[in-house]
Amino acid sequence: MGRKQSFTESELLDMTKKLVLEHGYDGFHLKLLSEHLSGARSTIYQYYSNKEEIVAACMKRVMVTVLEKALAIDETDPMDALEQLLLVYVEESALHQLLGNAGKINVANSSAAARDLEFIEEAHMTLKVQLSRLFERAQQNKGLRQDIPLPVLIGVFFNLIDTPNMMNIPTPDWGKLLFQMWIGGAKS
C-alpha cells in the first residue's frame, strides 16, 4: 500500500496549530510542517504561499470556531451565558497562546495574512463586547458581587481557562467545575 500523496487544508491547519503550540511561531517552519504531513511539501503551496499565511489562517480558523460558538449562546440569563461562554473558551484554551504569536507575523509578506489578522482583531473585539455585556448584566441582576470591580471578575474568569485539568475530567464537566469554583469560591 502506497503512502498518501496529499493532505487536506483542514489537516494542514490542524497540524499547523499543533506545531505552533509546541514550537512557538519562531520554531515553526514549513520544513517542520511537511515532516508531519504525509505528502509532498509542495502540496502546502497549493493552499498557502508562506508561513505567515498558514499561521494566520490557522489563527483565523480557531477564532471563527470560538466566535460562532460564543455568538450562538442564549444570553437571556447572563449567568448561564457566562458558564456556557467559559466552556467555549475552555474547549479552545489554546486560543490565547496561539494568538499571542499574531504580532510576530510579518504582514508585509502576505496580504492574505494581513486580512486574516484584521478579522481576528475584529472578532476579538466582538467577543470582548459580549463578555463585558454579560458581566455588566450579571452584576446588575445581582448574580455577581457588586463589591468586586468588573475588571477583577473578568480577570479571574479568564485565568480559569488556563487552569490545568490534572484529573483529565471531560472538557464539559471541567468547564462546569471551573465555573462552580469561580462563582462559589473555595470557602465551605
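In short, a report on the structure.

## Topic: unusual backbone geometry
Despite not being glycine, lysine 142 has its phi angle at roughly 65 degrees, a positive value. Structurally, the position occupied by lysine 142 is in the loop between helix H7 (111–140) and helix H8 (150–161). Overall, lysine 142 belongs to the exposed group, its relative accessible area being 63%. Of note, the phi angle at asparagine 168 is positive, near 55 degrees, even though the residue is not glycine. Inspection of the secondary structure puts asparagine 168 in the loop between H8 and helix H9 (171–184). Given a relative accessible area of 66%, asparagine 168 falls into the exposed group.

## Considerations on the side chain of lysine 51
Here lysine 51 shows up in helix H4 (residues 51–71). Here lysine 51 occupies a buried position and makes no salt bridge, while the nearest side chain of opposite charge, aspartate 26, is found at 5.4 Å. Reaching out from lysine 51, the side chain makes a polar contact with the backbone oxygen of tyrosine 25 at a distance of 2.8 Å. A polar side-chain atom of lysine 51 sits 2.8 Å from the main-chain carbonyl oxygen of phenylalanine 28. In this view, lysine 51 contacts Tyr25, Asp26, Phe28 and Leu30; residues no more than four positions away in its chain are not counted.

## Remarks on the packing of H4 against helix H5 (residues 78–91)
Each pair of packed helices can be summarised by the angle the axes make with each other and by the distance between the axes. Put simply, H4 and H5 touch, their axes get as near as 10 Å, and they point 165 degrees apart. Here H4 is positioned roughly antiparallel relative to H5, judged by the angle of their axes. Pair H4 / H5 crosses with right-handed handedness. For the pair H4 and H5, the contacting residues are Val66, Lys69 and Ala70 in the first and Leu85, Val88, Tyr89 and Glu91 in the second.

## Looking at the pattern of salt bridges
The full count for this structure, using the stated rule, is 9 salt bridges. For glutamate 91, the salt bridge goes to lysine 69, with nearest N and O atoms at 3.3 Å. Of the two residues, glutamate 91 sits in helix H5 while lysine 69 sits in helix H4, which places them 22 residues apart along the sequence. Residue classification places glutamate 91 among the partly exposed residues on the basis of a relative accessible area of 36%.

## A short note on H7
Counted at 1.5 Å a residue, the expected span for H7 with its 30 residues is 44 Å, and the 44 Å between its end C-alpha atoms agrees. Among all positions in H7, only Ala113, Asp116, Leu117, Ile120, Ala123, Leu127, Gln130, Leu131, Leu134, Phe135, Ala138 and Gln139 are buried. The secondary structure elements touched by the buried residues of H7 are H4, H5, helix H6 (95–99), H8 and H9. Between the side-chain oxygen of the N-cap and the backbone nitrogen of alanine 112 there are 3.3 Å, and the N-cap of H7 in question is serine 110. Just beyond H7, the residue with positive phi is lysine 142, at close to 65 degrees.

## Describing the nonpolar core
Judged by nonpolar contacts, the single largest core of 58 residues is most densely connected at Leu33, Leu82, Phe135 and Phe157. For this core, the elements supplying multiple residues, two or more each, are helix H1 (9–27), helix H2 (30–35), H4, H5, H6, H7, H8 and H9. A per-element tally of this core places H4 first, with 11 residues. Setting aside residues no more than four positions away along its own chain, phenylalanine 157 makes contact with Leu82, Leu86, Tyr89, Leu131, Phe135, Phe179 and Trp182.

Thresholds, definitions, all that
- Residues numbered from 1 in each chain as written.
- Predicted model: local features only at pLDDT ≥ 70, side-chain atom pairs only at ≥ 80, totals over all residues.
- Heavy atoms only, no water.
- Helix = DSSP H or I, 4+ residues; strand = E, 2+ residues; numbered from the N terminus.
- Buried < 20%, exposed > 50% of the residue type's maximum accessible area, 1.4 Å probe, protein only.
- Lys, Arg positive; Asp, Glu negative; His and termini not counted.
- Salt bridge = Lys/Arg side-chain N within 4 Å of Asp/Glu carboxyl O.
- Polar contact = N/O pair within 3.5 Å; in protein donor to acceptor, adjacent residues only side chain to side chain.
- Contact = heavy atoms within 4.5 Å.
- Axes fitted to C-alpha atoms, helices over the stretch in contact; angles between N-to-C directions.
- Parallel < 35°, antiparallel > 145°, perpendicular 65-115°, else oblique.
- Left-handed = near helix turned anticlockwise from the far one by under 90°.
- Expected span 1.5 Å × (residues − 1).
- Core = buried A, V, L, I, M, F, W, Y, C linked by side-chain atoms within 4.5 Å.

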